[in-house]
Amino acid sequence: MWGFYFDELIRSLPFFLKGVWMTVAVSGLSLVAGSIIGFICGILRAGKSKILRVIIGAWVDVVRGTPFLVQVFIVFFILPSAGIELKAFPAAVIALSNLTASFICEIVASGILSVPKGQREAATSSGLSSYQQLRYIVMPQAMRAIMPPLVGQYVLLIKDSSVVSAIGVVDITRVGWLTVQRIPEGIMVFGLVGILYFCVCYPLINLSSYLEKRMTVMTVKL
Amino acid sequence: MLEGFNFRVILEYLPLYGECFLATLWLSGLSLLGAILVGIIACAMRLSQSRIISKAAGVYIESIRSTPLLAQLYFFYFGLPSLGVMLPEWVTGVIALTLNSGAYYAEIIRSGIQAIHLGQIEAGISSGLSYFQRMRYIILPQALGMTIRPMLGQAIVLVKDSSLLSLISIVELTRAGQTLTSERFMPTEGFLTTAVFYLIIYYMLKAFSNWSEKRLVFKEAY
Amino acid sequence: MISFKNVNKWYGDLHVLNNINLEVDAGEVVVVCGPSGSGKSTLIRCINRLEPIQKGELVVDGMAVHDKKVNMTKIRADIGFVFQSFNLYPHMTALQNVTIAPIKVRKLNKKKAEELGREKLTRVGLKDRINSYPAQLSGGQQQRVAIARGLCMEPKIMLFDEPTSALDPEMIGEVLDVMRSLAKGGMTMMVVTHEMGFAREVASRVVFMDEGQIVEVAPPLEFFKNPQTERGKNFLSSILSH
């Protein structure tokens, strides 16, 4: 029995690899969009305008206070009634980008705020403008604090992407779910699912720990 | 989209939401207790002198952290029956949530313990305190203060994770939204109401986190 | 050059600057001293509007610093500020540290800026440290780079906020030497410091502050020999007894 199912599973591998590609695609697109939006929001969040800080803070709070599954449903089911027709894949990318952006916003904002106040004072005293300060003095130093959690966030992104399988996006999880209907060996099928996610995530987790160690050493030297 | 926001329907379904709200609290609460317990045990194993025990705990923690919760949930939901273990859905859900958050709690507790200055432990050893006495009087009280914030953070994550249980037919808050969608074709009312309930839990936990941090964190004497 | 007229500043309820009236002429070297909390750092930080004032008039090189509408970029470019904690940019070499403002604010081209940077760094005695990072420099060297950073903007005024307080004793001398040569070269300087030897040698006036007020202003020899006020006497005896 087991042997038969095992063969079936091997036969399904191409299907699983398609799922891997879909997971990578959804995560990758959301990563790019989320990073761009997240960086911009993070800079504003650490900036001078109180109104902007509060608005962005409220957005971050709502995104963090509600389950991602609910957010996916909201994007997929509610936006169409506002006139925007959405297929599963775009809806997934929108929801995931939004989630990623909110987390990256907080990472970037706290990285910027971690740069010692004296650095900004020295730059101000030389007559550098706010933009010049941010670009040449603050951001280069902030990136040290931002990089490790940023990579960690990308790992979370890949894991969170599994939720979009609920609206039919055929990613690794969905392939597993579809396969297990045919091959009722949950442990084997989802064991494979786990292994595939592990392969995608593990290198990133190590990268994140490595970066964390390197960045700490560099800051101590300073 | 919001012009036709139907408050009447929400009022009609309020009892259902009330039930589901309690279900979410109950499921999350139970899983939380389980997760903390699992976390303490796994952490103790991880810090053990025995390489085998430490490695075993390490494998558990890394597997959980490198794979998505949804995949783990399906693993148990589809996998346990194939082993002949038939459980009610909610038990499966609680098991998945417990084991998932348990791994994260293990890491949180571990970093809390390892963050305590070596000097304190040396002082304890020098006074003749035993391992358990040092744990009880010196290490754990301080670790508690330091970890309360990440622990409550993980609790918030757990509550949001519980929304995935709706995908294995468990009746909780997200399911209420799905019900309103399928029965009345009102995803807007359905999921926005769901979101509001989750936000209530989120803000309550956040307030508790701030309150307890003030009471429990001891300022560094350095 | 610098003119304080009835300047007042509060931090919440704390009256940190209480009716400050002071005129500093071009070429003068003014040393500001006093017990901690007296407001001396706050005083010079107001000059380039690192801290705003709430009441009074503060005019620097003809520009009204107290007026919120005045654009500070031009004024700040003409003032060099040296901090107690150096505040060098850790991700840049000494040369980059001193040339970034000339390039970005004064719009010099890179070559000219680097020439200028090399000249100033040589002037403070760091000719062979031009490409070092702050982490590779001692405290005294870092502070000298900070001074060069100020000088590269060819300022009209140099402000020093306790420049040697964060340094190990053996490095204080090298920084004071640079400051002395600047003073002798005719730079307008305001220095908050406890280094009384320096004050005695190069200051044209000593301003003694306590609890937000200017208590005594006098040429250094007079102040050190004959303090006119009780508080001035107490302060001098407390620092000179070390």
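Residues numbered from 1 in each chain as written. Chains lettered and ligands numbered in written order. Predicted model: local features only at pLDDT ≥ 70, side-chain atom pairs only at ≥ 80, totals over all residues. Heavy atoms only, no water.

Chemist: Would you mind going over the packing of aromatic side chains with me for this structure?
Modeler: Aromatic ring pairs are defined here through the distance separating the ring centres and the angle between the ring planes. Under the criterion given, the structure shown has 19 aromatic pairs over all chains. Between Tyr77(B) and Phe78(B), the aromatic rings sit 5.1 Å apart at their centres with planes inclined by 70°, giving edge-to-face as the arrangement. Classification of Tyr77(B) by relative accessible area gives partly exposed; the value is 25%. One aromatic cluster in this structure is built from Phe73(A), Phe76(A), Phe77(A) and Phe191(B). Against the face of Tyr89(C) rests Arg149(C), its NZ or CZ located 4.8 Å from the ring centre. The lysine or arginine in question, Arg200(C), covers the ring of Phe224(C), its NZ or CZ lying 5.0 Å from the ring centre. (Phe/Tyr/Trp six-rings, centres within 6.5 Å; stacked < 30°, edge-to-face > 60°. Buried < 20%, exposed > 50% of the residue type's maximum accessible area, 1.4 Å probe, protein only. Lys NZ or Arg CZ within 6 Å of the ring centre and 35° of its normal.)

Chemist: Explanation requested: the pattern of salt bridges in the structure shown.
Modeler: Scanning the entire structure with this criterion turns up 26 salt bridges over all chains. A salt bridge links Asp61(A) to Lys206(B), with the nearest nitrogen and oxygen atoms 3.2 Å apart. Placement of Asp61(A) in helix α3 (residues 50–65) and of Lys206(B) in helix α8 (residues 187–216) is noted, with the two residues assigned to different chains. Here Arg110(B) makes a salt bridge to Glu107(B), at a shortest N to O gap of 3.0 Å. Residue Arg110(B) and its partner Glu107(B) are located together in helix α4 (residues 89–114), separated by three residues, close to a single helical turn. (Salt bridge = Lys/Arg side-chain N within 4 Å of Asp/Glu carboxyl O. Helix = DSSP H or I, 4+ residues; strand = E, 2+ residues; numbered from the N terminus.)

Chemist: Just checking my understanding: could you explain the interface of chain B and chain A for this structure?
Modeler: Often, the extent of an interface is quoted as the loss of accessible area upon association of its parts. Each partner contributes residues to the interface: chain B has 33 residues there, and chain A has 36 residues. Taking both partners together, chain B and chain A bury about 3,000 Å²; carbon and sulfur atoms supply 75% of that area. Counting across the chain B and chain A interface gives six residue pairs in polar contact (both at pLDDT 80 or more). When residues of the side of chain B that touches chain A are traced back to their parent elements, those giving at least two are α2 (51–66), α3 (69–82), α7 (173–184) and α8 of chain B. With 11 residues, the top contributor of residues to the side of chain B that touches chain A is α8(B). Taken together, the residues that form the side of chain B that touches chain A break down as 19 nonpolar, 10 polar and four charged. (Contact = heavy atoms within 4.5 Å. Buried area = accessible area lost by both parts, 1.4 Å probe. Polar contact = N/O pair within 3.5 Å; in protein donor to acceptor, adjacent residues only side chain to side chain. Nonpolar A, V, L, I, M, F, W, Y, C, P; charged D, E, K, R; others polar.)

Chemist: How do you make sense of the layout of surface pockets when you look at a structure like this?
Modeler: Of the volumes computed, that of the second largest pocket is approximately 740 Å³. If you trace the second largest pocket, you find 25 residues lining it, with Lys48(A), Arg120(A), Thr124(A), Ser130(A) and Gln133(A) closest to the centre. Where the lining of the second largest pocket is concerned, the elements lending two or more residues are α2 (13–45), α6 (117–125) and α7 (130–160) of chain A together with α2 (72–77) of chain C. Considering only residue class, the lining of the second largest pocket consists of 10 nonpolar, eight polar and seven charged. (1 Å grid on protein atoms, 1.4 Å probe; cavity = no way out; pocket = protein on both sides within 12 Å on 5 of 7 lines; lining within 4 Å. Points joined across faces, edges and corners; volume = space filled by probe spheres on them.)

Chemist: Teacher, can you tell me more about the interface of chain A and chain C here?
Modeler: If you look at the interface, chain A gives 18 residues, while chain C gives 23 residues. Carbon and sulfur atoms make up 60% of the area that chain A and chain C hide from each other, which totals about 1,700 Å². A per-residue breakdown of the area chain A buries against chain C is headed by Ser125(A), Ser126(A) and Tyr136(A), which together make up 29% of the total. Taken together, the links from chain A to chain C amount to one salt bridge. Glu121(A) is the partner of Arg45(C) in a salt bridge, and the nearest nitrogen-oxygen pair spans 2.6 Å. Between the two partners, chain A and chain C, sit eight residue pairs in polar contact (both at pLDDT 80 or more). Counting only elements with at least two residues in the side of chain A that touches chain C, the list comes to α6 and α7 of chain A. In terms of residue count, α6(A) provides more of the side of chain A that touches chain C than any other element does, seven residues in total. Split into classes, the residues belonging to the side of chain A that touches chain C amount to seven nonpolar, eight polar and three charged.

Chemist: When you look at α6(A) in this model, what are you seeing that I'm missing?
Modeler: Because an α-helix packs 3.6 residues into every turn, residues spaced three or four apart end up facing the same way. By the criterion of burial, α6(A) is predominantly enclosed, with seven of the nine residues buried. The set of residues buried in α6(A) consists of Gly118(A), Gln119(A), Glu121(A), Ala122(A), Ala123(A), Thr124(A) and Ser125(A). Summarising the contacts, the buried residues of α6(A) are in contact with α7 of chain A together with α1 (40–47), α2, β6 (79–82) and α5 (139–151) of chain C.

Chemist: Please explain the sheet that holds strand β5 (residues 63–64) of chain C as it appears in this structure.
Modeler: Within a sheet, adjacent strands bond to each other through the backbone by hydrogen bonds, running parallel or antiparallel. Residues and elements named next belong to chain C. Spatially, β2-β1-β4-β5 is the arrangement adopted by the four strands of the open sheet, whose pairing is antiparallel. A single partner strand is all that each edge strand has here, and the edge strands are β2 (14–24) and β5. Taken strand by strand, α1 contacts β1 (2–11), β2 and β4 (55–60), and its axis lies near 120° from that of β1. (Pairing = 2+ DSSP bridges. Axes fitted to C-alpha atoms, helices over the stretch in contact; angles between N-to-C directions.)

Chemist: When you look at the packing of α5(C) against helix α6 (residues 169–184) of chain C in this model, what are you seeing that I'm missing?
Modeler: For any two helices packed against each other, the geometry is given by the interaxial angle and the distance between the axes. All names here are of chain C. Contact pair α5 / α6: the axes reach a minimum separation of 8 Å and the direction vectors enclose 20°. Put simply, α5 runs roughly parallel to α6. Considering how the two elements wind past one another, α5 and α6 form a crossing that is right-handed. Here Gly139, Gly140, Gln141, Gln143, Arg144, Ile147 and Leu151 of α5 lie close against α6, whose contacting residues are Met171, Glu174, Val175, Val178, Met179 and Leu182. Of the residues assigned to the contact of α5 with α6, the class counts are seven nonpolar, four polar and two charged. (Parallel < 35°, antiparallel > 145°, perpendicular 65-115°, else oblique. Left-handed = near helix turned anticlockwise from the far one by under 90°.)

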